[in-house]
There are 2 protein chains.
Amino acid sequence: MTTKYVYLFHEGDKDQKGLLGGKGANLAEMTNLGLPVPPGLTITTEACNAYTANGMQLPAGLIEDVRAALATVEEAAGKKLGDARNPLLVSVRSGARFSMPGMMDTVLNLGLNAETLRGLIDLTGDERFAYDAYRRFVMMFSDIVLDLERRAFDRIFDEAKSAAAVSEDWQLQPEQLKEVVARFKRHVKEQTGSDFPEDPLQQLELAVRAVFDSWNNERAIRYREIEKIPHDLGTAVNVQTMVFGNMGADSGTGVAFTRDASTGENAISGEYLLNAQGEDVVAGIRTPSPIAHLRDENPQLYGQFADICRTLEQHYRDMMDVEFTFEKGRLYFLQCRVAKRATAAAVKIAVDMVHEGLIPKEEALARVEPKRLDDLLHPQIDPQVKRVPLGEVARDVAGKIASKPALIYVDDGRVATVEHGAWDALSDEKRAERMRELIGRARFIDMARGLPASPGAAAGVAIFDPDTAAARGRGNGGGGEDVILVREETSPDDIHGMTSSQGILTERGGMSSHAALVARGFGKPCVAGCEAIVVDEEARSFSIAGVTVPEGQVLTIDGSNGSVMLGAIPTVPARISPELTELLGWADEASRMKVRANADNPADAAKAVELGARGIGLCRTEHMFFGEERLPTVREMLLAAASAKALQAEVAALRRELQSASGEKKNKTEERLAGATTEMEAPMRRYLGALERLLPVQQGDFEAIFRVMVGNPVTIRLIDPPMHEFLPDHDALLEEVTRLRIEQPDSPELRDQEALLAGVNAVREQNPMLGLRGCRLGILYPEINEMQVKAIFRAAIKLAGEGIAVLPEVMIPLVGFEAELKHLRTLLETTARAEMEAAGRSIDYQFGTMIELPRAALIAGQLAETAEFFSFGTNDLTQTTLGFSRDDAESKFLGKYLQMGLLAENPFETVDQVGVGSLMRQAIRAGRDARPSIKLGICGEHGGDPASVIFCHTLGLSYVSCSPYRVPIARLAAAHAALQDVAQERGR
Amino acid sequence: MTTKYVYLFHEGDKDQKGLLGGKGANLAEMTNLGLPVPPGLTITTEACNAYTANGMQLPAGLIEDVRAALATVEEAAGKKLGDARNPLLVSVRSGARFSMPGMMDTVLNLGLNAETLRGLIDLTGDERFAYDAYRRFVMMFSDIVLDLERRAFDRIFDEAKSAAAVSEDWQLQPEQLKEVVARFKRHVKEQTGSDFPEDPLQQLELAVRAVFDSWNNERAIRYREIEKIPHDLGTAVNVQTMVFGNMGADSGTGVAFTRDASTGENAISGEYLLNAQGEDVVAGIRTPSPIAHLRDENPQLYGQFADICRTLEQHYRDMMDVEFTFEKGRLYFLQCRVAKRATAAAVKIAVDMVHEGLIPKEEALARVEPKRLDDLLHPQIDPQVKRVPLGEVARDVAGKIASKPALIYVDDGRVATVEHGAWDALSDEKRAERMRELIGRARFIDMARGLPASPGAAAGVAIFDPDTAAARGRGNGGGGEDVILVREETSPDDIHGMTSSQGILTERGGMSSHAALVARGFGKPCVAGCEAIVVDEEARSFSIAGVTVPEGQVLTIDGSNGSVMLGAIPTVPARISPELTELLGWADEASRMKVRANADNPADAAKAVELGARGIGLCRTEHMFFGEERLPTVREMLLAAASAKALQAEVAALRRELQSASGEKKNKTEERLAGATTEMEAPMRRYLGALERLLPVQQGDFEAIFRVMVGNPVTIRLIDPPMHEFLPDHDALLEEVTRLRIEQPDSPELRDQEALLAGVNAVREQNPMLGLRGCRLGILYPEINEMQVKAIFRAAIKLAGEGIAVLPEVMIPLVGFEAELKHLRTLLETTARAEMEAAGRSIDYQFGTMIELPRAALIAGQLAETAEFFSFGTNDLTQTTLGFSRDDAESKFLGKYLQMGLLAENPFETVDQVGVGSLMRQAIRAGRDARPSIKLGICGEHGGDPASVIFCHTLGLSYVSCSPYRVPIARLAAAHAALQDVAQERGR
């Protein structure tokens with residue numbers, strides 16, 4: 001049996017997207033629903049794959065099969081392809097499983113030639129219409145199928161309009177159009193050496209081949225690589241009877257959503273044009289009318305249209321995106337698909353449809369991709385903003401942007417601006433009102449699209465170098481202006497400029513580029529690799545589409561989708577809508593895992609609670625040390641501690657020596673011991689003094705956090721990072737000392753700096769990630785841990801005294817050996833008990849450990865005997881399991897690995913399930929065996945990554961913890977994980 | 001039933017060491033063998049433990065039991081304790097399971113008091129003897145049991161000698177001795193407030209208590225901690241009838257070994273003194289005669305003695321160490337034990353005893369501790385060197401050492417020296433002859449003993465600061481003198497001095513101190529923590545026992561046992577004796593695992609073959625890059641590679657951009673592309689040019705190694721370390737650039753150094769251990785790996801052409817992902833095949849990987865599909881599994897951990913079986929499942945650590961690989977492991 005490569009529309013259904021492509025499957029579904037769909041056929045993706053496998057040869061018999069199916073179409077349409085008297089015209093469209101930019105889109109009016117043109121004129125009696133159809137076809141076919149440059153045809157057409165002294169396409173007369181077609185054909189002959197194909201069947205075959213070829217063109221391949229779409233899906237081809245929206249005032253065409261794709265409002269939205277073909281709507285040459293006008297203009301047609309939309313929604317149980325045409329008052333649906341929608345709309349529609357009884361809660365949850373909630377948690381371009389590509393208005397824009405307006409938009413077809421001054425003069429209220437008005441009426445100018453490298457929208461003046469950005473910008477809450485730093489690429493030298501900017505835009509570099517990584521680290525919006533712009537850092541400008549944007553021009557970037565816009569575009573703030581709250585409530589009901597937040601201060605803790613966190617999974621105590629007024633005390637403490645401990649070790653060694661010494665040796669040892677003991681006093685006093693000053697400060701921190709988190713557990717990690725992180729930068733200090741040695745060799749400043757450098761050198765390490773940090777610090781400097789535990793328990797006791805429930809969980813980091821954990825737990829629990837006894841109040845608390853070293857995972861059974869909870873520190877665990885230093889890997893080789901496909905994911909973003917996951921599994925098994933009640937969580941950055949959250953669910957963790965703004969994402973992902981379980985259960 | 005705390009000698013046997021202590025068990029054994037042992041009893045270790053547990057109260061009934069047993073002893077001896085007419089005198093000695101310095105040793109002549117003294121005089125008729133015995137007893141008892149300072153008694157005794165105008169002890173007359181005893185007793189009364197105890201039973205009880213107390217004194221506790229001896233073993237007490245070697249010319253006492261303890265020669269060795277008590281032999285006050293003289297002086301006695309020695313050897317099937325006394329011609333054995341012996345002797349005796357039919361080969365293997373073979377693999381102090389403690393000759397030495405002699409020794413009781421000049425003037429032959437003569441006759445001066453921190457002996461002039469050491473020393477083969485660097489402690493600032501020295505001696509610091517670690521790393525002898533010396537770095541001298549040793553004095557240190565000697569002491573070179581060769585042959589027969597060596601050059605490879613390696617397990621290709629004439633090329637290569645690759649990435653990005661660019665963007669991109677392409681050419685040319693120059697050099701290296709290793713496998717690891725390791729030191733460069741910026745701002749030198757600094761900065765990493773190294777380098781810079789593979793295969797092809805068998809194993813380091821290994825194997829096998837095809841010759845080869853990241857161990861099943869062998873890189877695997885950077889951990893916290901007992905072993909020395917071992921086990925299981933034929937080895941430094949070798953055996957590895965000098969150790973350890981298996985099999 002030969003493979004069936006050609007399907008008539010009624011032969012398929014919506015679930016055959018793999019075979020028929022998305023478009024074909026939905027056309028089949030609509031046909032079978034009895035909706036008005038012009039008849040047609042679909043050539044399958046398998047035919048495309050056979051074509052590719054055959055070395056770009058159409059499978060044997062394909063054209064014959066197409067011809068046979070076409071006969072049925074011709075019968076249904078009552079017309080015949082190539083029939084000079086009653087010609088069938090068809091559209092040819094590609095239609096893959098996933099829609100893909102860069103692939104051949106559409107050829108309309110295929111079947112026209114000199115003969116059938118006459119038939120069309122006769123049939124319609126509209127010569128201008130027929131010639132216009134003909135010139136459109138020749139132009140599209142030449143561009144898309146014959147791969148000739150579109151510009152040449154535009155030029156010929158423009159010349160014709162000039163010669164006829166008209167400005168609009170429709171003003172050309174039939175004769176003039178006829179001449180245009182002739183010139184088109186001559187151009188084709190010149191370029192290809194062959195005549196424009198006249199045989200409709202040959203036209204069709206060429207179009208089919210062009211669709212197949214476009215599956216394998218470089219842009220399509222690259223797109224699939226980026227989007228991780230397999231290369232062997234292939235594309236289908238849809239051949240459909242043409243209907244014409246441009247046959248007069250009772251004809252028209254449009255696109256619509258069955259609900260509002262921006263807001264999710266339950267109202268049909270969309271646009272249509274009377275007397276136009278679909279491409280006119282898409283191209284934006286004429287301004288379409290909102291779909292609501294159709295109701296007024298043609299209530300009957302609108303009624304039929306709205307009924308069909310409702311039918312489709314009920315049938316698909318989702319919001320649909322449709323294309324329609326009405327030809328002389330008769331309505332046709334040309335395409336439908338589940339509509340793309342803004343995240344806010346996705347949430348509202350999912351929740352609404354539950355209330356409408358269309359879908360169950362589980363499906364509502366499943367319909368919102370957790371990662372997309374990120375959009376709602378950062379300021380965003382107002383989803384109602386309508387856009388116009390810069391290309392269309394470039395000439396008008398060019399003159400406007402020198403005066404540095406705050407807003408540039410298109411109003412009634414003209415480029416309009418609002419200047420900073422005028423805008424700033426308005427009251428906030430007035431400005432908001434004016435903005436709402438503008439959003440309803442204006443279109444905003446989209447300049448380009450780059451990679452969505454770090455989410456959120458930001459507006460500010462374009463600045464082209466980091467020094468100016470640092471000087472002019474207001475950075476993190478300081479004075480100055482809002483700045484967007486625009487660079488070809490960023491480098492570590494740009495950091496000061498990046499911190500002072502509201503957002504970052506680069507011409508080059510990918511999702512793992514320096515700009516992207518740093519911006520995500522800082523939580524600043526970033527659009528990276530925006531290759532459409534040409535940055536000239538020397539000239540302090542960039543250019544695009546003939547427009548030069550100078551320093552000082554206000555831009556808006558949206559790092560959530562990569563768009564770059566001119567002017568300060570209206571944004572909407574991050575907002576938790578009632579629907580989102582409801583959806584997340586359902587998520588929590590569905591989930592088995594809890595979601596906590598990583599929060600180091602009361603503000604973050606409050607945000608975490610607001611976003612639904614059920615506790616703090618990671619409170620990094622040392623982050624509290626970095627405050628401007630605290631750091632000097634912390635530095636003093638650490639430098640003194642290091643000297644004191646070195647001397648303490650010496651004193652202990654000398655005491656031991658003294659036991660066996662005699663004679664001269666004894667004298668010398670005694671002398672030394674006295675010296676070291678005296679010498680030790682001063683640094684020890686400084687060390688303990690600084691700790692004493694830090695104690696009430698940390699206690700205050702904890703009080704504030706406990707107060708916010710009332711009743712929820714708070715996991716507090718004792719000091720973790722290597723000491724050098726708190727100290728001044730070594731290299732800068734070395735430079736300074738070297739300079740002072742030459743220029744001021746006897747200055748007290750030199751002595752101070754040399755002493756500081758010596759202190760820094762003493763704690764410096766070759767691989768600090770694997771050095772003196774975590775519990776190792778706690779063991780060598782127990783006084784610091786003791787101070788922290790005192791602070792925790794004093795705070796807890798105080799709040800408990802006020803009747804506020806507190807649940808501190810003391811977490812010991814970087815444990816690798818049972819002895820470390822036992823040693824510290826014994827030491828610190830003694831401190832804790834002393835505090836509770838002194839206060840006469842007992843606190844519910846737990847002691848636990850992080851599992852962030854492979855060895856910890858491997859001996860988890862032993863650790864569980866001492867630890868009441870485990871928190872997987874997957875950042876460190878990833879570093880050690882993979883041997884990837886995060887700082888070095890991402891900049892030195894990880895990007896290349898991702899690019900080469902050696903790694904599919906950045907293991908610092910999505911947990912490495914095979915390697916790190918295997919250790920987690922072992923640890924969980926052994927931990928549970930040793931202590932069935934053990935609490936298990938994760939507090940690495942993976943806790944906010946949906947794929948990793950799902951993995952944590954399958955591992956059976958009790959909770960994930962992530963940064964506050966990722967809490968909603970994690971809540972939804974946790975629900976998805978639980979629902980997958982349920983689905984699998986059912987599947988069994 | 002009450003516990004039996006007291007055993008008569010005939011009630012025990014040699015296997016009761018735990019209960020009776022080593023001394024007691026062997027006394028029992030000898031008694032039961034019918035050998036002449038003075039009768040006695042042993043109080044058990046359990047009594048000691050009960051005493052400790054009771055808060056230092058003797059167990060109830062103990063003294064009664066002792067008294068009862070004593071009655072039997074009295075009967076056998078025909079004397080009675082405290083009997084004024086026929087008094088029994090006893091010795092009281094401690095006797096733990098393991099002999100321990102710092103514990104109470106011996107009290108002789110216990111039972112003497114004013115009354116029994118008279119009895120003794122009457123019995124012996126020798127008043128002088130009796131009074132001498134009495135003063136010895138009072139002195140020992142006061143010192144050891146009453147814990148009074150020995151010096152006071154010495155002073156009294158010396159005063160008596162002065163008053164009597166005599167110089168030797170034995171010249172004092174009975175009346176004078178009587179006065180001495182009286183003064184001793186007055187001193188005791190003054191110091192303790194009580195009379196010296198007269199009641200013999202009270203004396204005995206006090207002595208027993210003193211032995212028990214000494215088990216718990218601080219020195220004993222510390223010793224047990226260091227030696228890992230449990231604290232609850234307790235000590236036994238032996239109470240034995242005194243016999244007297246000092247009762248005239250037919251009396252004497254001595255110590256002997258049944259064979260030569262230095263060389264293993266099958267001849268009784270030892271010394272004796274006529275008319276002396278044992279303490280006189282030990283104290284070295286009189287020079288004893290070699291045991292051979294006894295044969296001449298008293299052939300009958302010697303015959304009896306030799307017979308008993310033979311009996312003991314046959315009975316114990318081992319070389320024995322005995323103490324004997326003959327009293328008026330009657331021979332007694334006072335102690336016997338399995339003798340301690342030098343490593344060379346241990347090997348020879350074990351092998352000889354097999355040939356003598358005394359023991360089987362397995363026992364011979366078991367009797368040599370693998371670790372001790374280290375002694376034979378480094379130059380050593382000649383084991384025949386006899387020593388005299390510095391204390392005894394200190395006064396004489398003091399005047400001699402200023403003249404900087406090469407040798408200081410004691411000849412005929414006088415301190416003699418040979419000066420540098422005189423010594424150097426001799427021919428080598430003459431000097432060796434003179435040295436042999438000296439060894440026979442002289443005693444060399446032992447100054448002190450520290451920790452054996454790094455094995456081997458070295459002699460050189462004492463130098464007290466690293467700068468002078470670097471200036472004067474000849475370091476690794478350069479000019480200059482042999483230097484011993486003497487420091488209080490070393491620090492990283494001393495490194496240049498350490499590399500220039502032959503050996504290192506420190507006053508302070510333990511086995512993990514900086515000096516110890518660095519010395520072991522450099523393979524230089526080191527004695528650390530030699531607390532007996534007092535270093536005065538400012539004065540450039542150290543002092544000990546009243547002697548000041550100045551800079552320039554020649555010293556000898558032996559890092560194998562921690563001894564420090566004056567002068568250049570005769571050493572023996574590292575030597576593989578025929579017996580060792582035979583023993584190691586048996587080891588290889590017994591072992592299941594093979595031993596390979598880590599060798600990076602032909603010399604090391606040759607040494608490895610000489611020491612029995614069966615192949616090279618790790619040939620670090622990059623070590624070949626460090627040669628003085630190669631490093632500049634390597635640096636040029638790496639710096640050019642980094643720039644070239646950065647530009648290559650830019651070119652690739654621009655090419656991609658160009659595809660979608662148009663208009664102005666296109667122009668600019670084209671311009672940039674042209675620029676970057678041109679810019680790339682120069683570094684690319686430099687990079688590839690340098691590689692081309694390195695290719696024949698590496699090929700030559702491999703040819704030479706293959707030639708040495710003929711027929712044995714050679715595992716070659718492709719380039720591994722981070723790039724910065726080949727480049728100049730960053731900090732020094734930064735200082736230089738800073739200086740030049742100030743002093744020569746416009747110099748070309750500044751530009752050069754700035755460029756170099758930029759290059760260094762470009763490859764610098766925050767945690768290089770976890771950065772761009774290993775296969776990551778190979779993936780980003782495939783040209784380097786390709787060059788290396790070309791060199792390997794060209795060398796192999798060339799040698800194969802000469803008929804030499806070659807078995808290269810290409811090893812890819814730091815693999816964490818299957819894709820990395822597949823990518824590189826495909827790339828490099830293509831290179832290899834091309835070489836073989838071009839040469840028309842095929843080579844047997846394998847591709848494999850290191851397992852040195854936790855992830856690699858976890859996905860070993862996947863890796864085994866591509867790798868034909870695994871080599872466990874346990875150095876890196878330890879670093880990542882434990883999260884310990886070797887460089888940082890050892891200096892920052894590991895020492896403290898070991899000191900605190902948080903860790904029992906340094907995991908970089910002995911493999912962490914729990915953590916790292918668990919990953920190894922997982923990897924082996926999965927690797928074998930995926931590829932049953934997979935070859936498994938280890939090439940970390942653990943490969944030469946006996947405990948780790950045994951662990952590798954239990955894991956079932958095919959081979960271990962270690963540094964050439966550890967190959968014999970590993971061979972023996974591998975045999976031990978296999979024999980343990982056999983023993984366990986038998987035990988089942």
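Shown above is the structure to which this text applies.
Here we summarise the structure given alongside this text. (Residues numbered from 1 in each chain as written. Chains lettered and ligands numbered in written order. Predicted model: local features only at pLDDT ≥ 70, side-chain atom pairs only at ≥ 80, totals over all residues. Heavy atoms only, no water.)

What to know about the overall build of chain A
- Each helix and strand counted, chain A has 36 helices and 36 strands in total.
- The principal-axis extents of the C-alpha atoms in chain A amount to approximately 125 × 70 × 60 Å.
- Considering only contacts within chain A whose residues lie at least 6 apart along the sequence, 69% involve residues at least 24 apart.
- Carbon and sulfur atoms form 48% of the exposed surface of chain A, whose accessible area is close to 39,100 Å².
- The centroid of the 110 positive side-chain charges in chain A is displaced by 3 Å from the centroid of its 142 negative side-chain charges. (Helix = DSSP H or I, 4+ residues; strand = E, 2+ residues; numbered from the N terminus. Contact = heavy atoms within 4.5 Å. Areas by Shrake-Rupley, 256 points an atom, 1.4 Å probe, with all protein chains shown as cover. Lys, Arg positive; Asp, Glu negative; His and termini not counted. Charge placed at Lys NZ, Arg CZ, Asp CG, Glu CD.)

Topic: the relation of the copies chain B and chain A
- For the pair chain B and chain A, the best superposition has an RMSD of 0.2 Å and corresponds to a rotation of 180° with a translation of 0.0 Å parallel to the axis. Classification of the inter-copy transformation places it as that of a two-fold axis. Ranked by how close their C-alpha atoms come to the rotation axis, the residues of chain B are headed by N767(B), at 2.1 Å.
- Of the residues that chain B buries at the interface, 100% are likewise interface residues in chain A, meaning the two copies contact each other through the same surface. (Least-squares fit on C-alpha atoms with pLDDT ≥ 70 in both.)

A look at the pattern of salt bridges
Residues and elements named next belong to chain A.
- Under the criterion given, the structure shown has 133 salt bridges over all chains.
- Where D465 meets R540, a salt bridge forms, and the shortest distance between an N and an O atom there is 2.8 Å. With D465 in the loop between β19 (457-463) and α18 (466-472) and R540 in the loop between β23 (534-536) and β24 (541-544), this residue pair connects regions lying 75 residues apart in the sequence.
- Residue class for D465 comes out buried when judged on its relative accessible area of 14%.
- On the accessibility criterion, R540 (32% relative accessible area) is partly exposed.
- Residue E829 pairs with R833 through a salt bridge whose shortest N-O separation is 3.8 Å. With E829 and R833 both in helix α29 (residues 818-839) and four residues apart, the pair spans about one turn of that helix.
- Under the relative-accessibility criterion, R833 is labelled partly exposed at 42%.
- If you follow the salt bridges from partner to partner, you end up with R317, D318, R341, E363 and R367 in one network. (Salt bridge = Lys/Arg side-chain N within 4 Å of Asp/Glu carboxyl O. Buried < 20%, exposed > 50% of the residue type's maximum accessible area, 1.4 Å probe, protein only.)

Focus: unusual backbone geometry
Residues and elements named next belong to chain A.
- Phi is positive for A165, close to 55°, though the residue is something other than glycine.
- Relative to the helices and strands, A165 is located in the loop between α6 (150-163) and α7 (174-192).
- By relative accessible area, A165 is classed as exposed at 67%.
- Positive phi outside glycine occurs at K328, with the angle close to 50°.
- You can see K328 is positioned in the loop between β11 (320-327) and β12 (330-338).

Quick notes on the sheet that holds strand β8 (residues 289-290) of chain B
All names here are of chain B.
- Across the sheet, which stays open at both edges, the five strands sit in the order β8-β7-β6-β9-β10 with antiparallel pairing between neighbours. Looking at strand neighbours, the two that pair on one side only are β8 and β10 (330-338), the edges of this open sheet.
- With two bridges connecting them, strand β7 (residues 269-274) and β8 associate as antiparallel partners. Note on β8: the bridge partner recorded for E271 is P290.
- Each of β6 (252-257), β9 (320-327) and β10 is contacted by helix α12 (residues 299-316), which is oriented at about 25° to β10, the strand it contacts most. (Pairing = 2+ DSSP bridges. Axes fitted to C-alpha atoms, helices over the stretch in contact; angles between N-to-C directions.)

Section: the environment of P932(B)
- Mapped onto the elements of the fold, P932(B) is located in the loop between α35 (915-930) and β33 (935-938).
- Residues P932(B) and A864(B), spaced 68 residues apart in sequence, show a C-alpha to C-alpha distance of 9.3 Å.

Topic: the sheet that holds β12(A)
Residue and element names in this part refer to chain A.
- As summarised here, the arrangement of the five strands in space is β10-β9-β8-β11-β12, forming an open sheet in which the pairing is antiparallel. Looking at the sheet topology across the chains shown, the edges are occupied by β10 (289-290) and β12.
- Sitting on the sheet, helix α12 (residues 299-316) touches β8 (252-257), β11 and β12, and the angle it makes with β12 is about 30°.

Considerations on the state of the cysteines
All names here are of chain A.
- The full count for this structure, using the stated rule, is zero disulfides over all chains.
- Not part of a disulfide, C939 finds its nearest cysteine sulfur in C952, a span of 11 Å.
- Free cysteine: C962, not disulfide-bonded; nearest cysteine sulfur from C952 at 10 Å. (Disulfide = S-S within 2.5 Å.)

Quick look at the pairing of strand β15 (residues 443-449) of chain B
Residues and elements named next belong to chain B.
- In terms of burial, β15 is a largely internal element, five of the seven residues being buried.
- Across four bridges, the pairing between strand β12 (residues 386-389) and β15 is parallel. Bridge assignment links R387 to a residue of β15, and that residue is F444.
- Bridge count for strand β13 (residues 405-411) against β15 is two bridges, and the pairing is antiparallel. From the neighbouring strand, Y409 faces β15, where its bridge partner is F444.
- Here three bridges tie β15 to strand β25 (residues 563-566), and the two strands are oriented antiparallel to one another. Bridging across to β25, D446 finds its partner in M565.

Some thoughts on the interface of chain B and chain A
- The partner chain A presents 81 residues to the 81 residues of chain B that form the contact.
- Considering only the side of chain B, the residues that lose the most area to chain A are R508(B), L770(B) and K892(B), jointly responsible for 9% of the buried surface there.
- The interface formed by chain B and chain A contains ten salt bridges.
- Two residues, D912(A) and R855(B), come together in a salt bridge whose shortest N-O distance is 2.7 Å.
- Counting across the chain B and chain A interface gives 31 residue pairs in polar contact (both at pLDDT 80 or more). (Buried area = accessible area lost by both parts, 1.4 Å probe. Polar contact = N/O pair within 3.5 Å; in protein donor to acceptor, adjacent residues only side chain to side chain.)

Overview of the packing of helix α2 (residues 45-53) of chain B against helix α8 (residues 200-215) of chain B
All names here are of chain B.
- Where α2 contacts α8, the axes come no closer than 10 Å and their chain directions differ by 75°. Relative to α8, the element α2 lies roughly perpendicular. Between α2 and α8, the contacting residues are A47, C48 and Y51 on the first element and R209, F212, D213 and W215 on the second.
- When the residues that make up the contact of α2 with α8 are grouped by side-chain class, the tally is five nonpolar, no polar and two charged. (Parallel < 35°, antiparallel > 145°, perpendicular 65-115°, else oblique. Nonpolar A, V, L, I, M, F, W, Y, C, P; charged D, E, K, R; others polar.)

Some details on the packing of aromatic side chains
- In total, this model carries 40 aromatic pairs over all chains according to the counting rule given.
- Measuring from centroid to centroid gives 6.4 Å for F324(A) and F326(A), while their planes differ by 10°, and the two rings are stacked.
- You can call F324(A) buried: its relative accessible area is 1%.
- Judged by its relative accessible area of 2%, F326(A) falls in the buried class.
- Centroid distance F884(B) to F893(B): 5.0 Å. Interplanar angle 80°. Geometry classified as edge-to-face.
- Taking relative accessible area as the criterion, F884(B) reaches 0% and is therefore assigned buried.
- Within the aromatic cluster, the residues linked to one another by ring pairs are Y302(A), F305(A), F324(A), F326(A) and F333(A).
- It is R596(A) that lies over the ring of Y959(A); its NZ or CZ is 3.9 Å from the centre. (Phe/Tyr/Trp six-rings, centres within 6.5 Å; stacked < 30°, edge-to-face > 60°. Lys NZ or Arg CZ within 6 Å of the ring centre and 35° of its normal.)

Structural notes on the packing of helix α4 (residues 114-124) of chain A against helix α5 (residues 127-145) of chain A
Residue and element names in this part refer to chain A.
- Taken N-terminus to C-terminus, the directions of α4 and α5 make an angle of 145°; their axes are 8 Å apart at the nearest point. Note on packing geometry: the crossing formed by α4 with α5 is right-handed. Along the contact surface, α4 presents A114, L117, R118, L120, I121 and T124, while α5 presents E127, F129, A130, Y131, A133 and Y134.
- A class-by-class count of the residues in the contact of α4 with α5 yields nine nonpolar, one polar and two charged. (Left-handed = near helix turned anticlockwise from the far one by under 90°.)

Some points on the environment of S885(A)
- Secondary-structure assignment places S885(A) in the loop between α32 (874-882) and α33 (886-900).
- Spatially, the C-alpha atom of S885(A) lies 48 Å from that of A661(A), the residues being 224 residues apart in sequence.
- When residues no more than four places from it in sequence are discounted, the contact partners of S885(A) are Q879(A), E890(A), F908(A), N767(B) and L770(B).
- A distance of 2.8 Å separates a polar atom in the side chain of S885(A) from a polar atom in the side chain of D888(A).
- A distance of 3.5 Å separates polar atoms of two side chains, one belonging to S885(A) and the other to N767(B).

Points about the side chain of S543(B)
- Mapped onto the elements, S543(B) comes out in strand β22 (residues 541-544).
- Classification of S543(B) by relative accessible area gives buried; the value is 6%.
- Residues in contact with S543(B), not counting those within four places in the same chain, are E664(A), A532(B), I533(B), V534(B) and T548(B).

Thoughts on helix α34 (residues 915-930) of chain A
- Look at α34(A): 23 Å from first C-alpha to last across 16 residues, which is about the 22 Å you get at 1.5 Å a residue.
- For α34(A), the set of buried residues is G915(A), V916(A), G917(A), S918(A), L919(A), M920(A), Q922(A), A923(A), I924(A) and G927(A). (Expected span 1.5 Å × (residues − 1).)

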